[in-house]
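# Reading the structure
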Amino acid sequence: MKPGAANAFGRPWVMIKNRKSPLISFVLLLLATVVQAQNDIPVGQWRTHFNYNQGYGVVKLKEQIYCNAFHSLIEVDPGSTAIRKITKANGLSDVGITALAAHESSASLLIGYSNGNIDILRGSETINVNDLLRANVTSSKVINSIFAGESTFFATTSFGMLEIDLHSFQVVNDYRELGRNGTTVGILDGGIKGDSIVLATTAGIISGHRTNANLLDFRNWKRSLEGVGQIDFIEVSEEISYAASKQGRLWVNEGNGWEEITFTTKPEFLTLQNGELLYGKGNQLSKRSVNGQTSTFTLGNSSVVADAFVDGETIWLADEKNGLGQSTAEGIAYYLLNGPFESTIADVSAIGNTVFSLGGGFEYNGLIPFNRNASVSAFTKQGWEPIQPGSLSLFKDASSVASAGGSVDFYVLAYGKGIIQNSSGKLINHQTPGSLIQTNNGFVPVTAMAVDQNNNLIICSNQASNKYMMMLADGSWEPLSFIPNTAPPAVSLQQNSYGDFWGILPHSSNSGVIVFNTDSKEYRIINTGSGLPSSTVSDLAFDRDDYTWLATARGLTIVANTYEVFDAVDLLISYPVAENAFVLNEEPIQAIEVDGANRKWIGTDKGLFLLDEYGAGTLTSFTRESSPLASNNVQRLAINSSSGELFVLTSGGLVSYRTTATAPSRVMQKAKIFPNPVRPGFNGVVAIEGLTYDTVVKITNEAGRLVREMVSTGGTATWNLADYNGARVASGIYIVFAATRDGSQSVVGKIAVIN
């Protein structure tokens, strides 16, 4: 149950996203988050990139409001309107929040996750209770709900309920098999009424007295409404209690047992405050008063209310489409945080200094569309912003982007509709003059695209003939007829320094990769017959030595003689080896990216790995247990080569990590030193960027005494603020001298250190 008085109903509501008031202005709040996003994160640090416009639960603790945004929490101080996101990078132990509650007397925020993990937040402290997460349980571990007693709280699941002490943080009771005759029942919701625990289960309502019964024994629970099936929500108080099912049935108990009353809503939540019931479905929010009168208010068409409570004259609500909302004199205003527009991201890629997230696409196995909205978001120094060129918003499955030759122009592939150019909004499909694209009952099966150095658009399509084609920069079309129609269409394309296009072939075709050159009109398919350990290839990358690295279902593979791929020679296919063993041998590799130091970042279903430039050793690794990774299942990687920030798409969401390497500069003009000045409390490393490959960097104090010397990794050198003895340097000004090994180029900079 949530605090407050239900007297905020009394006016029609409209959705507001743009007000001049600094308290809730959409524009001002969004700008505030963009300013935050402009700041580079330090080397070795993480940040999260989640969609914060999804609200599933809302509570008040002390004077703060907290909203469950699934991947994170949104915290708002109503007094100052300060807004903050709490994520796995700065406080939470996990992602996938499914339950949220507040315990006022201990000032604790109670959080349950989809994998059974539980967090207790007290101020800046996070106490993790992971007993269920670690337990060998075959049933779903989702925490359905959390409700609190005086000194303990309860977390409900599909097989029972945990009781956790708020002082020792230990599980004190594990309630299971509470159904009639000791059968397993799922517990969906619950509450404390006097000395009793009252639970909504998959088999009606059960209640038990805590003081005079062993409630671990199913025989000590009283059963009600057994014949009605599942009860999804229950709200209890001394005077009146309510229970409801999502099927649209409502029961009330005023002390004489449960009685069904007329109800026309299929609710998504119940909140009972001062005898008045708040509930909602879709964009409608309703209140049932103590005397049984009902009033309903309609929000904006895009609203889907998931939770709400009343706080004085204000209603706070969690909206599945708009995030955290607050009622005002003018309507409902939403607190918005900057993040990708997509709630589910299918792919991530980088073009220059811009990183794109894509919400749609198709399965590589069978070319089956995801049927998601064709949303695209772009991340720059200004933060995230949605991209909607032309009629893209009307389409489905934005699956890839490609540079259109300009610094800000690009193409978006919408699987099933065609290709849209960002600058003009022009749609390229079967109706384009001269087009060679074919349709299947209106479905445009374009699977991949790339742009060559002459701004010609290379297109692959799953059609009967001309699966490979080219739209020239002048608008004319040419079939790439040297590739036979028996070759499957590529599902992704990249061009290497030799001008060859490498494409991953559909997994259902078991065909590996295709390589072709539009100038020499040659092609080759590389698969197990060529020496690959598997023909299922998920990703590929080209390194600084022009080697091609393939991520296959059975480990990493290197094609060394890329330059003679079309010659009548055997390909030099090898596998990275360390200490007489293959690196990541037989592991399904899902993603690969090469950083500015030619090192290889590898994504697997067991986490993220960094290999040296030869793949011969693991330099570091990250898992969800050891880092802010949202999941160990790393699906895609993309790197901003200028900043060295690596974007890691996992099954749990998108995060990024500032690596120690950037792309080396050809000419050193000015060293970028970050952070500078180094302020008290900073325990990270200082990055010195803008260097050439293998630049020698010397750091001295103002007297000219050498403090530290290092060599750049790619275009970046890092300093941990320690001298040769490992001791942190004193406060002062330090001089940075960077020069190439032959002395032909050099730059000088300064670092201010304040301890």
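See above for the structure.
So, here is what we can say about the structure in this document.

Thresholds applied
- Residues numbered from 1 in each chain as written.
- Predicted model: local features only at pLDDT ≥ 70, side-chain atom pairs only at ≥ 80, totals over all residues.
- Heavy atoms only, no water.
- Buried < 20%, exposed > 50% of the residue type's maximum accessible area, 1.4 Å probe, protein only.
- Helix = DSSP H or I, 4+ residues; strand = E, 2+ residues; numbered from the N terminus.
- Pairing = 2+ DSSP bridges.
- Axes fitted to C-alpha atoms, helices over the stretch in contact; angles between N-to-C directions.
- Phe/Tyr/Trp six-rings, centres within 6.5 Å; stacked < 30°, edge-to-face > 60°.
- Lys NZ or Arg CZ within 6 Å of the ring centre and 35° of its normal.
- Polar contact = N/O pair within 3.5 Å; in protein donor to acceptor, adjacent residues only side chain to side chain.
- Contact = heavy atoms within 4.5 Å.
- Core = buried A, V, L, I, M, F, W, Y, C linked by side-chain atoms within 4.5 Å.

Right, let's get into the pairing of strand 44 (residues 501–504). Moving residue by residue along a regular strand, the side chains alternate between the two faces of the sheet. Because side chains alternate across strand 44, one face comprises the buried residues Phe501 and Gly503, and the other comprises Trp502 and Ile504, equally buried. Note that strand 43 (residues 492–495) and strand 44 share four bridges and pair antiparallel. Bridge pairing in strand 44 links Gln495 to Phe501. From the end of strand 43 to the start of strand 44, which pair antiparallel, there are five residues, and Gly499 there has a positive phi angle of about 85 degrees. Two elements, strand 44 and strand 45 (residues 513–517), share four bridges in a ladder whose sense is antiparallel. Directly across from Trp502, in strand 45, lies its bridge partner Val515.

Overall, antiparallel pairing links the four strands, which are arranged 15-16-17-18 in an open sheet. Pairing within the sheet leaves two strands with one partner each, and these edge strands are strand 15 (187–193) and strand 18 (222–224). Sheet twist, expressed as the average angle between the axes of neighbouring strands with direction ignored, equals 20 degrees. With six bridges connecting them, strand 16 (residues 196–201) and strand 17 (residues 204–209) associate as antiparallel partners. Residue pairing for strand 17: Ala200 is matched across the bridge by Ile205.

An order of 39-40-41-42 is seen for the four strands of this open sheet, with the pairing classed as antiparallel. For this open sheet the edge positions go to strand 39 (446–451) and strand 42 (477–479), each flanked by a neighbour on one side alone. Between one strand axis and the next, the sheet turns by 20 degrees as a mean value, whatever way the strands run. Two strands pair when backbone bridges link them, and strand 39 and strand 40 (residues 457–461) are joined in this way by five bridges, in the antiparallel orientation. When the bridges of strand 40 are listed, Val451 appears paired with Leu457.

Now for the packing of aromatic side chains. One pass over the full model with this rule turns up 21 aromatic pairs. Taken together, a centroid distance of 6.3 Å and an interplanar angle of 90 degrees make the contact between Tyr175 and Trp221 edge-to-face. With a gap of 46 residues between them, Tyr175 in strand 14 (residues 171–176) and Trp221 in the loop between strand 17 and strand 18 connect regions that are remote in the sequence. According to the relative accessible area criterion, Trp221 is buried, its value standing at 6%. On the basis of an interplanar angle of 85 degrees and a centroid distance of 5.1 Å, the ring pair of Tyr415 and Phe443 is categorised as edge-to-face. In this pair, Tyr415 sits in the loop between strand 36 (410–414) and strand 37 (418–421) while Phe443 sits in the loop between strand 38 (427–428) and strand 39, placing the two residues 28 residues apart along the sequence. For Phe443, a relative accessible area of 28% gives the class partly exposed. Every member of this aromatic cluster is reached through a ring pair, and the members are Trp46, Trp601, Phe622 and Tyr657. Here the basic side chain of Arg544 rests over the ring of Tyr693, its NZ or CZ set 4.3 Å away from the ring centre.

Turning to the side chain of Ser535, a few remarks are in order. Along the chain, Ser535 turns up in the loop between strand 46 (522–526) and strand 47 (537–542). Polar side-chain contacts of Ser535 include one of 3.2 Å to the backbone nitrogen of Thr528. Those residues in contact with Ser535 that sit more than four places away from it in its chain are Asn510, Ser511, Gly512, Asn527 and Thr528.

Looking at the secondary structure, you find Asn485 in the loop between strand 42 and strand 43. The exposure class of Asn485 is partly exposed, given its relative accessible area of 39%. When the C-alpha atoms of Asn485 and Phe356 are compared, they prove to be 32 Å apart, with 129 residues separating the residues in sequence. Ignoring sequence-local partners within four residues, the contact set of Asn485 consists of Ala464, Ser465, Asn466 and Lys467. Here the side chain of Asn485 touches Asn466 through a polar contact of 3.0 Å, landing on its backbone nitrogen.

It is worth spelling out unusual backbone geometry at this point. With an omega of -5 degrees, the peptide bond running from Phe674 to Pro675 counts as cis. The topology assignment puts Pro675 in the loop between strand 60 (672–674) and strand 61 (686–689). Following Asn676, the chain continues to Pro677 via a peptide bond in cis, the omega torsion being 10 degrees. Among the structural elements, Pro677 can be located in the loop between strand 60 and strand 61.

Right, let's talk about the nonpolar core for a bit. By size, the foremost hydrophobic cluster in this structure holds 35 residues, and its most contacted members are Tyr411, Ile419, Leu457, Ile459, Trp502, Val513 and Ile526. Listed by contribution, the elements that provide at least two residues to this core are strand 36, strand 39, strand 40, strand 41 (468–471), strand 44, strand 45 and strand 47. Grouped together as the second largest cluster of nonpolar side chains are 31 residues, Tyr52, Leu608, Val634 and Leu646 included.

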